[in-house]
Amino acid sequence: MIARCFAWRRVSPISLSYTHPVHPRPRGACSSRVEPIVFGPVYSRRLGWSLGVNLVPFKTCTWNCVYCYLGYAQPVVERRRWIEERVVVEKVLEKVRSVHTDYVTLVGIGEPTLASNIGRVVELLKSEVGVRVAVLSNGSLFNRGVAFEVSEADYIKATITSVDEDKWRVLHNPAAPLNAEEFVEGLWLASRAAKSFHLEVMLVDGVNDSPEDAARLGSVIRELGVTSVAVNTPFRPGWARWVNPPAPERVLRFASILERVSGHRVEVLTGRGLRPPRIDPSKPGESLAEIVSTHILSWSEAVEALREAGVENPEDTLRELVETGVVKARRVGSETYLYRED
Ligand code: SF4
């Protein structure tokens, strides 16, 4: 599962149906080599400094999501041991001796649970390296024993888009034996087996972003034992050119309904986990309005950004921008988000 942040772009409108144009040059995973095995560390608000570990070759995945920026590739379900687990441990040990590491994250450029030795890798990283381990997965193999293989990880995250079989297939183009019902069963197992289980909901304009979609998904999430739920949208062009992120108002409405129905606090990912956006100190209000025309910002992120730009009363500046209609504000749970619709 690839990591993403929140932003949007719009491509020229193409009428959307539940079929999609096939890439002119379908291809499978381009190499059986796994490189790099260890990368980073990179900082994220949730995990702190995280060292990435890649266990599978480029775009080796059980799905072929329409929003995947790694390109088009035939999905697979056969699991393999591409890298010997001792090699992973040695590479990680070498790195953690020289850089501060809060987490080692099994993520990479494909689906990490396709590595048949992922359970052993988690075990060795914990017992021999002594680090906290995160697994970022699409969750598609959790019902096939994987939920228990990785249950020793400290943090497990899976992606969900829809519980509707047709929509799920359109968005993920899964390998032949996979289906939405078993996928949800796998999430249920993982949510019971994991120490902490996190869900990221990926929204695509016009496919899975309606209030009805939110209510249906919320009623399923309510039954899972999740630690956190976040809503995200594609931020880079995927291989399917018709894919667009939904408009901000639609994302926030979806998140509100999801929060109400699921009974979980829902965070809207803004992609600003690293640093607050840079505001032009000579025109802070205008500069902030420009930023929120392409990125949703939470109120607290906006306050921090204005403060960094030297604005003395950032809350007053924000209130004025909202009251004059320059930017819009919407509350989702305990957080207020700022956005603009041109
Ligand atoms: S196809 Fe989907 S699950 Fe697989 S790597 Fe791409 S975005 Fe992640």
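Here goes a summary of the coordinates provided. (Residues numbered from 1 in each chain as written. Predicted model: local features only at pLDDT ≥ 70, side-chain atom pairs only at ≥ 80, totals over all residues. Heavy atoms only, no water.)

Considerations on the pairing of strand β10 (residues 328-332)
The cut-off we apply is this: Two strands pair under a simple rule: DSSP has to find at least two bridges between them. Under the DSSP-based scheme used, a helix requires at least four consecutive residues in state H or I and a strand at least two consecutive residues in state E, with every element numbered from the N terminus.
Across five bridges, the pairing between β10 and strand β11 (residues 335-339) is antiparallel. The residue of β11 that forms the bridge with R330 is Y337. Turn length for the β10-β11 hairpin, with the two strands adjacent in sequence and antiparallel, is two residues, and the turn residue G333 shows positive phi of about 60 degrees.

Remarks on the sheet that holds β10
Read across the open sheet, the three strands follow the order β9-β11-β10; overall the sheet is antiparallel. The strands lining the two open edges of the sheet, one partner per strand, are β9 (297-298) and β10. With two bridges joining them, β9 and β11 adopt antiparallel strand pairing. The residue bridging L297 from the neighbouring strand is L338, located in β11.

Quick word on unusual backbone geometry
Looking along the chain, the bond that leaves G40 and enters P41 is cis, with omega of 10 degrees. With respect to the secondary-structure elements, P41 resides in strand β1 (residues 38-44). Backbone geometry places K59, a non-glycine residue, at a positive phi of 50 degrees. By secondary structure assignment, the location of K59 is in the loop between β2 (48-53) and α1 (85-96). Phi at N173 takes a positive value of approximately 45 degrees, unusual for a residue other than glycine. Tracing the backbone shows N173 in the loop between α4 (165-172) and α5 (180-193).

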